[in-house]
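Remarks on the overall topology
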Amino acid sequence: MGSKLIGQQFEGENYLHGRPTEVSQLSPVGSEQEKRIKERVAQEKNSEVPIELVTASGSGLDPEISLEAAEFQVERIAAARGMKNTQVRDIINQNVVGFNLGPITTKRVNVLGVNQMLDAS
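What you are looking at is a predicted structure, and each value in this text was computed from that prediction instead of being measured.

**Comments concerning the side chain of Asn95**
- Tracing the sequence through the fold places Asn95 in the loop between α4 (85-93) and β2 (96-101).
- Within the structure, the side chain of Asn95 is placed 2.9 Å from the backbone oxygen of Ile91, a separation counted as a polar contact.
- Residue contacts for Asn95: discarding those within four places in its chain leaves Arg108, Val109, Asn110, Gly113, Val114 and Met117.

**Quick look at the packing of helix α3 (residues 74-81) against α4**
- It is the contact of α3 with α4, at a shortest axis distance of 8 Å, that shows an interaxial angle of 115°. Helix-helix and strand crossings are classified by hand; for α3 and α4 the assignment is right-handed. Each of Val74, Glu75, Ile77 and Ala78 in α3 lies in contact with α4, whose residues at this interface are Asn85, Val88, Arg89 and Ile92.
- Here the residues of the contact of α3 with α4 are counted per class, giving five nonpolar, one polar and two charged.

**Quick look at the nonpolar core**
- Core analysis: the largest hydrophobic core is formed by 21 residues, its most contacted members being Leu16, Ile65, Val88, Ile92, Val109 and Val114.
- If you list the elements that add at least two residues to this core, you get α2 (67-72), α3, α4 and α5 (111-120).
- Looking at this core, the element that brings in the most residues is α5, giving four residues.
- Setting aside residues no more than four positions away along its own chain, Val114 makes contact with Leu16, Ile91, Ile92, Asn95 and Val109.

**Some remarks on the packing of aromatic side chains**
- Taken as a whole, this structure holds zero aromatic pairs when the rule is applied.
- Positioned over the ring face of Tyr15 is Arg81, at 5.1 Å from the centre of the ring.

**Details of the pairing of strand β3 (residues 104-110)**
- Pairing geometry for strand β1 (residues 64-66) and β3, over three bridges, is antiparallel. The residue bridging Ser66 from the neighbouring strand is Arg108, located in β3.
- As judged from the six bridges shared by β2 and β3, these two strands associate in the antiparallel manner. For Gly98, the partnering residue across the bridge sits in β3 and is Lys107.

**A closer look at a nonpolar patch on the surface**
- A cluster of nonpolar side chains, namely Phe99, Leu101 and Ile104, defines an oily patch on the protein surface of about 320 Å² accessible area.
- Relative to the helices and strands, Ile104 is located in strand β3.

Parameters at a glance
Residues numbered from 1 in each chain as written. Predicted model: local features only at pLDDT ≥ 70, side-chain atom pairs only at ≥ 80, totals over all residues. Heavy atoms only, no water. Helix = DSSP H or I, 4+ residues; strand = E, 2+ residues; numbered from the N terminus. Polar contact = N/O pair within 3.5 Å; in protein donor to acceptor, adjacent residues only side chain to side chain. Contact = heavy atoms within 4.5 Å. Axes fitted to C-alpha atoms, helices over the stretch in contact; angles between N-to-C directions. Left-handed = near helix turned anticlockwise from the far one by under 90°. Nonpolar A, V, L, I, M, F, W, Y, C, P; charged D, E, K, R; others polar. Core = buried A, V, L, I, M, F, W, Y, C linked by side-chain atoms within 4.5 Å. Buried < 20%, exposed > 50% of the residue type's maximum accessible area, 1.4 Å probe, protein only. Phe/Tyr/Trp six-rings, centres within 6.5 Å; stacked < 30°, edge-to-face > 60°. Lys NZ or Arg CZ within 6 Å of the ring centre and 35° of its normal. Pairing = 2+ DSSP bridges. Patch = residues over 30% accessible without salt bridge, like charges linked within 9 Å, V, L, I, M, F, W, Y side chains within 5 Å. Areas by Shrake-Rupley, 256 points an atom, 1.4 Å probe, with all protein chains shown as cover. Salt bridge = Lys/Arg side-chain N within 4 Å of Asp/Glu carboxyl O.

This is the structure we're talking about:
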């Protein structure tokens, strides 16, 4: 249960993770912010983690992540659920929202929608 309009924290290897929900007024270039980001990157066990998965938003309530950030998590979710990567990608693609404005394309993925469909599969 939840709202597709408000971000929620999902934990566990079998769920798509959104942005950290921490609300802070830390300087984006401050040492405390740098320390938190390094800790989150270490948790992901990959230095190529998309930035939005290790930085909190200003509101802490973002319900969506980029398609790139969702794709980054496919292998982990598939392994944890005993699914094929293609099955997880199909679910992600069913939850893509966004728009095209000429050459600019914004594709985002609703985290709750993906997790609800993963649980139903």
